[in-house]
Amino acid sequence: MTDVDFDSEEYEKCREAGEILAQVRDEAAERVEVGVSHLEVAQWAEDKIRELGGKPAFPVNISIDEEAAHATPERDDDATFGEEMVNLDIGVHVDGWLADTAVTVDLSGQDELAEAPAEALDAALDVAGPGVDVGQIGAAVEEVIEGYGYNPVVNLTGHGLGHWEQHTSPNIPNREVAQGATLDVGDVVAIEPFATDGRGKVQEGADEEIFALEREGSVRNRQARQVLEQITEEYRTLPFAARWLDSPRAEMALRRLKQQDIVHGYPVLKEQDGAYVSQKEHTVIITEDGCEVTTRSR
C-alpha cells in the first residue's frame, strides 16, 4: 500500500473545496421554490462559491424532471421552477483541486424517488474503501434503488477527480458489474447514484450550454481568439457556461471553436419523455480504513 500524506496541500485544497461546496449546495437547495428563476439560483451559487474563496469547477447544473445532467441556464434564461423534480449538481475547485456534489430538490411530490439515490449513496459510502472493486459499489447502489421499485441510470457513472480534471478514472457504476477498477488509498472520487422511473438509460438532447476546451489551437477570427484566451486562462480544461464568456458575440465564437474541434459541447442528457430522474452525489477521499466525505453538510 502506498504512503499517502493526507495532510498535503492537495488534500487540504480538496477538503477546502468540499467545505465550500457543502455550504453552497445546502443554501442553493433552500432557494429552489416554485416560481424562482433558474438563472438566479445558478448565479447566486456561482457567486457564493467565489465569495467563499473557491471557483466553480463547472456551471451549476439545474436538471428538471427527465433531464439528468449538463443542463444549465443560458444567458437571458427566464425559466422558473414549477412543481417539478429538480437536480442541482455543483462543483468547486481550489487551485484546480476539486469537489463535486448533487442533491435532488423535489417540488413534484415524489418523495420516494428523491429518497432512493440518497439512501443508495449512503449504502455506497459504507462499501467504499481501499481494495474495493467499484462493481461492489455499483451493486450496493443498484440494490437500494431497485428496492424502491426504480431503475438506476446505468449509462451515468461516478468518477475520479484529478487536478484540473473533472472526470478521470475510475468510473464508478450505478449497477453491479462483473469486474471494475479497484479503489486505492488516496483516490479522490465522486460517487453519484441516479434513480429513475424511466428505463434507466439517458440519451443526448439537442440543447448545449456547457463546453470545455478540447485542445490548444489558433484561430483567425478576432472574437473567437478573445473567447479562446478567456477559456484557456480562466477555465483551462474545466467545463464552462456560454453565459460566463465576456464577448458580446460569444455564441458565434463558440460555434467557430467547435467547428475547429478546439472546444466541445456537453449536450443535455435526458431520460425518456414523461420520466423523472433523481440524483445524490458526494466527493470522497479513499482512506486506509474507508473513506472521508469532503462534501458532507457541516
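- The protein is annotated in an unreviewed UniProt entry as Methionine aminopeptidase from Haloarcula argentinensis.
- The heading Subunit (unreviewed entry) in the UniProt record of the protein holds the text "Monomer."
- Recorded under Catalytic activity (unreviewed entry), the UniProt text for the protein is reproduced unchanged: "Release of N-terminal amino acids, preferentially methionine, from peptides and arylamides."

1. Examining the overall build of the protein
Then, number 1: Helix and strand counts for the protein come out as 6 helices and 15 strands.
Then, number 2: Over its C-alpha atoms the protein spans a radius of gyration of 19 Å, differing by no more than 12% from the 19 Å that the globule rule assigns to 298 residues.
Then, number 3: When the 298 residues of the protein are sorted by exposure, 57% land in the buried category.
Then, number 4: Sequence-distant contacts in the protein: of pairs separated by 6 or more residues, those separated by 24 or more amount to 76%.
Then, number 5: Once the 25 positive and 63 negative side-chain charges of the protein are each reduced to a mean point, those two points are 10 Å apart.

2. Describing unusual backbone geometry
Then, number 1: In this chain, Ser169 is followed by Pro170 through a cis amide linkage whose omega measures 0°.
Then, number 2: Secondary-structure assignment places Pro170 in strand 7 (residues 165-172).
Then, number 3: With phi around 70°, His70 is a residue other than glycine that occupies positive phi space.
Then, number 4: Along the chain, His70 falls in the loop between strand 2 (67-69) and strand 3 (85-94).
Then, number 5: For Asp95, which is not a glycine, the phi torsion comes out positive at approximately 55°.
Then, number 6: Relative to the assigned elements, Asp95 resides in the loop between strand 3 and strand 4 (97-106).

3. Looking at the sheet that holds strand 14 (residues 282-287)
Then, number 1: Pairing is antiparallel across the open sheet formed by 5 strands, whose spatial order is 7-6-8-14-15. Each edge of the sheet is formed by a strand with only one pairing partner; in this case those strands are strand 7 and strand 15 (290-293). With direction set aside, neighbouring strand axes in the sheet form an average angle of 40°.
Then, number 2: Of the pairings in the sheet, the one linking strand 6 (residues 158-162) to strand 7 comprises 3 bridges and is antiparallel in character. Residue pairing across strands places Gly160 opposite Thr168, the latter belonging to strand 7.

4. Concerning the state of the cysteines
Then, number 1: Under the definition given, this model contains 0 disulfides.
Then, number 2: Considering cysteine sulfurs only, Cys14 is the nearest to Cys291, which forms no disulfide, with 14 Å between them.

5. Considering a negative patch on the surface
Then, number 1: The grouping of Asp111, Glu112, Glu115, Glu119, Asp122 and Asp126 at the surface amounts to a negative patch.
Then, number 2: The residue Glu119 is located in helix 3 (residues 111-127) in this model.
Then, number 3: Glu119 sits in the partly exposed class, given a relative accessible area of 40%.

Parameters at a glance
- Counting starts from 1 at the beginning of each chain's written sequence and moves along it residue by residue.
- Selection of residues for local features in this predicted model requires a pLDDT of at least 70, selection of side-chain atom pairs for listing and counting requires 80 or more, and totals for whole chains, interfaces and linings are taken over all residues.
- The basis for every side-chain value is the complete set of non-hydrogen atoms in the structure, without hydrogens or water.
- UniProt positions are given in the numbering used here, feature names are shortened, and annotations may be inferred rather than shown by experiment.
- Per the convention used, a helix needs a DSSP run of H or I reaching at least four residues, while a strand needs a run of E reaching at least two, with both numbered from the N terminus.
- Each radius of gyration is computed over the set of C-alpha atoms, and the globule rule expresses the reference value as 2.2 Å times the number of residues to the power 0.38.
- Burial status follows relative accessibility: with a 1.4 Å probe on protein chains alone, a residue under 20% of its type maximum counts as buried, one over 50% as exposed, and anything between as partly exposed.
- A contact between two residues is defined here by any heavy atoms of the two lying within 4.5 Å.
- In this count, Lys and Arg are taken as positive residues and Asp and Glu as negative ones, while His and the chain termini are left out.
- Where a charge sits is defined by one atom per residue type, namely NZ (Lys), CZ (Arg), CG (Asp) or CD (Glu).
- Pairing between two strands is assigned when DSSP locates at least 2 bridges connecting them.
- For every element, the axis is a line fit to its C-alpha atoms; helices are fit only across the contacting stretch, and the angle between N-to-C directions ranges from 0 to 180 degrees.
- Pairs of cysteine sulfur atoms within 2.5 Å are what we label disulfides.
- Residues with no salt bridge and a relative accessible area higher than 30% make up the patches, which join like charges within 9 Å and nonpolar side chains (Val, Leu, Ile, Met, Phe, Trp, Tyr) within 5 Å.
- For every accessible area listed, the method is Shrake-Rupley and the probe measures 1.4 Å; residues are considered covered only by the protein chains on display.
- Here, a salt bridge means any Lys or Arg side-chain nitrogen found within 4 Å of an Asp or Glu carboxyl oxygen.

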